[in-house]
Amino acid sequence: MLQDVLAQAGYPRHLLIACSGGPDSLALAAVAAYFARRGHVDGHPVTVGAVVVDHQLQEGSAQVAATTARVLQELGLAPVEIRTVTVATAGTGPEAAAREARHAALVAAAENQGADAILLGHTLDDQAEQVLLGLARGSGTRSLAGMRPARGKLLRPFLGLRRADTEEICDVEELDPWHDPSNADPAFARSRTRVEVLPHLEEKLGPGVAESLARTASILQLDADYLEEVAETTFTSLVERNGRELALPEDALRGLAPAIRFRVIAKAAADVGGQQPGYQRLLAAEALLRRQGSAGPVELPGGVSVYRLSLAQLEGLPAVNSAQGPAQPAPVHRGGARCGKLVFRPQKPPAK
């Protein structure tokens, strides 16, 4: 399985194993160590290093990290480094904050080691949990597509393995993995999904639920990739730029299939520095296309305002919206369009 993933990735020369000391990542380290000892994969030279990220969220985390690093060194991985991070306590939730801090540490370690790929130990069970959480939150295709086997330098070779398989690998290799107590903490939605929800579904619906959820993610990845490609091409062909703001012609937007139209609007918001809008915010922005005259603003996450500018205003004629009075935003360059536009304006200065 690892061999196939490395082949698909073009046989990276130096691998970085992200290891917490848990059974999944420790099993991955043990399998990767086999290739490290051989010195090649299918005849292609390979070296394997590792990084242990200490989030400092639990008492004794430094000792866990040190013990894990020693085990990785005994497996023959080199270099092995420990990265200590501080997880933000404000803003995003604790899981998202820890994930962000961990990702930054992995990227820094990969750069330090000159790694061509970062290997993560996520399993089929993790994928199933991800899909369930996406369903519970009412997420769209992108979220329900779950984790990708490969995204940039990140590789997940164990997405086809059950968690029990990684525990068996640790038993065979006589490794004693660390079991993170937060994985069973009901305070976290993912932990409740792992300990309560998925086992309950397996009991009531029969075995194979996790595999079915993971298969759903694989199918939706194909759909999400296609929709993303069409949306990107469409956005590029429609966007009109004017300094830090941009505009999209409303006639062209109205003619798009809804699945593409919403994605194009989201891309426009991201292009001027916004964040991924939620479904309700996207609905509000898209509804501007059905307004008469100039309208807005609709505020999107990340400090982006969206307006509808009517053709009359774009041509410099007075335009009054009966509900809101005279439209406030200044006219923008209208090019050759003979229709109104959705205009996206950042409300904060660009980062220096």
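Anything mentioned here points back to the structure above.
This structure is a prediction, so every number in the text was calculated from the model and none was measured. (Residues numbered from 1 in each chain as written. Predicted model: local features only at pLDDT ≥ 70, side-chain atom pairs only at ≥ 80, totals over all residues. Heavy atoms only, no water.)

Novice: Tell me about the overall build of the chain, residues and numbers included.
Specialist: Counting its regular elements, the chain contains 13 helices and 15 strands. C-alpha extents for the chain along the principal axes are approximately 80 × 50 × 40 Å. Across the 352 residues in the chain, those meeting the buried criterion constitute 46%. A fraction of 69% describes how many contacts in the chain between residues 6 or more apart in sequence connect residues 24 or more apart. Here the chain displays about 18000 Å² of accessible surface, and carbon together with sulfur accounts for 53% of that area. Of the charged side chains in the chain, 36 are positive and 40 negative, and the gap between their average positions amounts to 11 Å. (Helix = DSSP H or I, 4+ residues; strand = E, 2+ residues; numbered from the N terminus. Buried < 20%, exposed > 50% of the residue type's maximum accessible area, 1.4 Å probe, protein only. Contact = heavy atoms within 4.5 Å. Areas by Shrake-Rupley, 256 points an atom, 1.4 Å probe, with all protein chains shown as cover. Lys, Arg positive; Asp, Glu negative; His and termini not counted. Charge placed at Lys NZ, Arg CZ, Asp CG, Glu CD.)

Novice: Any details on unusual backbone geometry? Residues and values, ideally.
Specialist: The residue after A78, namely P79, is reached through a cis peptide bond having omega -5 degrees. In this fold, P79 is placed in the loop between helix 3 (61-75) and strand 5 (80-84). The residue D42 is not glycine, and still its phi comes out positive at about 55 degrees. Relative to the assigned elements, D42 resides in the loop between strand 2 (40-41) and strand 3 (44-45).

Novice: Give a detailed account of the sheet that holds strand 4 (residues 47-54), specifying residues and quantitative values.
Specialist: Here six strands make up an open sheet; going across it, the order is 5-4-1-6-8-7 and the pairing mixed. Each having just a single partner strand, strand 5 and strand 7 (150-151) make up the two edges of the open sheet. The pairing of strand 1 (residues 14-18) with strand 4 spans five bridges and is classified as parallel. Note on strand 4: the bridge partner recorded for L16 is G49. (Pairing = 2+ DSSP bridges.)

Novice: Explain the pattern of salt bridges residue by residue, including any values.
Specialist: In this structure the tally under the stated criterion is 21 salt bridges. One salt bridge connects E245 with R345, and the closest N-O pair in it is separated by 2.6 Å. Within this pair, whereas E245 is found in strand 10 (residues 245-249), its partner R345 is found in strand 15 (residues 341-346), the two being separated by 100 residues in sequence. You'll find E245 and R345 in the same group, each marked buried. (Salt bridge = Lys/Arg side-chain N within 4 Å of Asp/Glu carboxyl O.)

Novice: Just give me the short version of the packing of helix 8 (residues 189-205) against helix 9 (residues 209-238), but keep the residues and values in it.
Specialist: In contact at an axis separation of 9 Å, helix 8 and helix 9 are set at 110 degrees when each is read in the N-to-C sense. In terms of their interaxial angle, helix 8 and helix 9 are classed as roughly perpendicular. Together, L198, L201, E202 and L205 of helix 8 and V209, A210 and L213 of helix 9 make up the contact between the two elements. Residue composition of the contact of helix 8 with helix 9, grouped by class: six nonpolar, no polar and one charged. (Axes fitted to C-alpha atoms, helices over the stretch in contact; angles between N-to-C directions. Parallel < 35°, antiparallel > 145°, perpendicular 65-115°, else oblique. Nonpolar A, V, L, I, M, F, W, Y, C, P; charged D, E, K, R; others polar.)

Novice: Just give me the short version of the pairing of strand 5, but keep the residues and values in it.
Specialist: Where strand 4 and strand 5 come together, five bridges link them in parallel fashion. The residue bridging A50 from the neighbouring strand is V80, located in strand 5. In this fold, strand 4 hands off to helix 3, which returns the chain to strand 5; that crossover is right-handed. (Right-handed = clockwise from strand over helix to strand, strands pointing away.)

Novice: Could you give me a rundown of helix 4 (residues 94-113), with the residues and numbers involved?
Specialist: Under the 1.5 Å per step criterion, the end-to-end length of helix 4 is 28 Å for 20 residues, consistent within 8% with the ideal 28 Å. If you check which residues of helix 4 are buried, you get A97, A98, A101, A105, L106, A109, A110 and Q113. Considering only its buried residues, helix 4 is in contact with strand 1, strand 4, strand 5 and strand 6 (117-119). Following helix 4 by one or two positions, G114 adopts a phi angle in the positive range, close to 70 degrees. (Expected span 1.5 Å × (residues − 1).)

Novice: An account of the environment of T68 is requested, with residue identities and associated values reported.
Specialist: Take T68: it is sitting in helix 3. Considering only alpha carbons, one finds T68 and W178, 110 residues apart in sequence, at a separation of 8.4 Å.

Novice: Break down the state of the cysteines for me, with residues and values.
Specialist: For the coordinates displayed, the defined rule picks out zero disulfides. Unpaired in terms of disulfides, C19 finds its nearest cysteine sulfur in C170, a separation of 8.7 Å. Among the residues examined, C19 registers a relative accessible area of 2% and is labelled buried. (Disulfide = S-S within 2.5 Å.)

Novice: Break down the packing of aromatic side chains for me, with residues and values.
Specialist: A complete count under the given rule lists two aromatic pairs for this structure. An angle of 75 degrees between the planes, with centres 5.1 Å apart, marks the rings of Y34 and F35 as edge-to-face. Looking at F35, the relative accessible area reads 6%, which means it is buried. On the basis of an interplanar angle of 50 degrees and a centroid distance of 6.2 Å, the ring pair of F262 and Y279 is categorised as tilted. Linking F262 in helix 11 (residues 258-271) with Y279 in helix 12 (residues 279-287), this pair joins segments that are 17 residues apart in sequence. The buried category is assigned to F262, whose relative accessible area is 16%. Take Y279: its relative accessible area is 53%, and that puts it in the exposed class. The cationic tip of R345 hangs over the ring face of Y307; the distance from NZ or CZ to the ring centre is 5.2 Å. (Phe/Tyr/Trp six-rings, centres within 6.5 Å; stacked < 30°, edge-to-face > 60°. Lys NZ or Arg CZ within 6 Å of the ring centre and 35° of its normal.)

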